[in-house]
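# Coordinate analysis (summary)
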Amino acid sequence: MTNAIITLWRRGFLRALNRGGDVQIDDQALRIRAAQLAARRGFSGGGAQTAFNEALATGLHAAAELLEEAGLDRRAARDRAGAAFLQSGKGLAHWLTRAWLWTASDPVGQAQDGDRLSARARLIWGAGMRFHQENGPDHATLKVTECAFADYFWDAGRSDLTPILCAWDAQWIEIVNASDRPVSVSRSGTLAQGCDVCDFCLRRVPAEQMALPAWHPHSAR
């Protein structure tokens, strides 16, 4: 099942990567380079989450390297690979976030219950991440203290690629903050920026401060 998901993601990533560009990267070249990178410095731990995380990191890294070798400068290769990476995850982020919001009438209360926010993060990201949860009267905050992606790109000498993964998180944060659910999400900093933690704060929004749904005639959206 994990291999099928990885294959689907890689195909979407390649489509976005090759769309409108003179330089084209084929599937075999991407797979071979990603496998070489994983053999050099893969993700520790086992399980489906680790395999998927490794595929994301090495796929992005491989694309950036192959684009450079094809003639793009380092920054252009990074930007093109990054744009394709974000595009490849946009649909998944939208679907998963919408599904969560649809089933949670009180997202903050749900996240606080049994430290469910950290439990969900552990289920999604696996053993390569270290985090803990802090709850308050109106918030639940997930604090990531170790990130497998940041460690991988640091060891590979490509810390310039880490913020692309951080930007992927920004996609689901934007969806939550644009919804009509009584919750907002903020992030004050990331490990990639040199902060001690990546913090994701889910804060309950009072009813009088909630954004109107998009269909409402007085909505600003």
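For the structure, see preceding data.
All figures in this text were calculated on a predicted structure; none of them were measured in a lab.

### With respect to the packing of aromatic side chains
Note on aromatic pairs: each is described by the distance of the centres and the angle between the planes. The tally for this structure, following the rule as stated, stands at 9 aromatic pairs. An angle of 85° between the planes, with centres 6.2 Å apart, marks the rings of phenylalanine 13 and phenylalanine 85 as edge-to-face. With phenylalanine 13 in helix 1 (residues 2–18) and phenylalanine 85 in helix 4 (residues 74–103), this residue pair connects regions lying 72 residues apart in the sequence. An aromatic cluster is present here, built from Phe43, Trp125, Phe149, Tyr152 and Phe153 joined pairwise through their rings.

### Here's the deal with the pairing of strand 1 (residues 130–136)
The two faces of the sheet receive side chains in turn, since in a regular strand these alternate between them. Both strand 1 and strand 2 (residues 139–146) contribute to a ladder of 7 bridges, which runs antiparallel. The partner of arginine 130 across the bridge, within strand 2, is glutamate 146. Hairpin connection from strand 1 to strand 2: 2 residues lie between these consecutive antiparallel strands.

### Topic: a nonpolar patch on the surface
Together, Leu92, Trp95 and Leu96 give the surface a local cluster of nonpolar side chains, amounting to about 340 Å² of exposed area. In this fold, leucine 96 is placed in helix 4.

### Focus: the sheet that holds strand 3 (residues 183–186)
A sheet is described by the order of its strands in space; here 4 strands give the open sequence 1-2-4-3, paired in antiparallel fashion. Only two strands of the sheet have a single partner each, and these edge strands are strand 1 and strand 3. Adjacent strand axes in the sheet meet at a mean angle of 15°, parallel and antiparallel pairs treated alike. Relative to strand 3, helix 8 (residues 162–177) is tilted by about 155°, and along the sheet it contacts strand 3 and strand 4 (198–204).

Rules and cut-offs
Residues numbered from 1 in each chain as written. Predicted model: local features only at pLDDT ≥ 70, side-chain atom pairs only at ≥ 80, totals over all residues. Heavy atoms only, no water. Phe/Tyr/Trp six-rings, centres within 6.5 Å; stacked < 30°, edge-to-face > 60°. Helix = DSSP H or I, 4+ residues; strand = E, 2+ residues; numbered from the N terminus. Pairing = 2+ DSSP bridges. Patch = residues over 30% accessible without salt bridge, like charges linked within 9 Å, V, L, I, M, F, W, Y side chains within 5 Å. Areas by Shrake-Rupley, 256 points an atom, 1.4 Å probe, with all protein chains shown as cover. Salt bridge = Lys/Arg side-chain N within 4 Å of Asp/Glu carboxyl O. Axes fitted to C-alpha atoms, helices over the stretch in contact; angles between N-to-C directions. Contact = heavy atoms within 4.5 Å.

Note that all results are geometric; they support no functional claim without further evidence.
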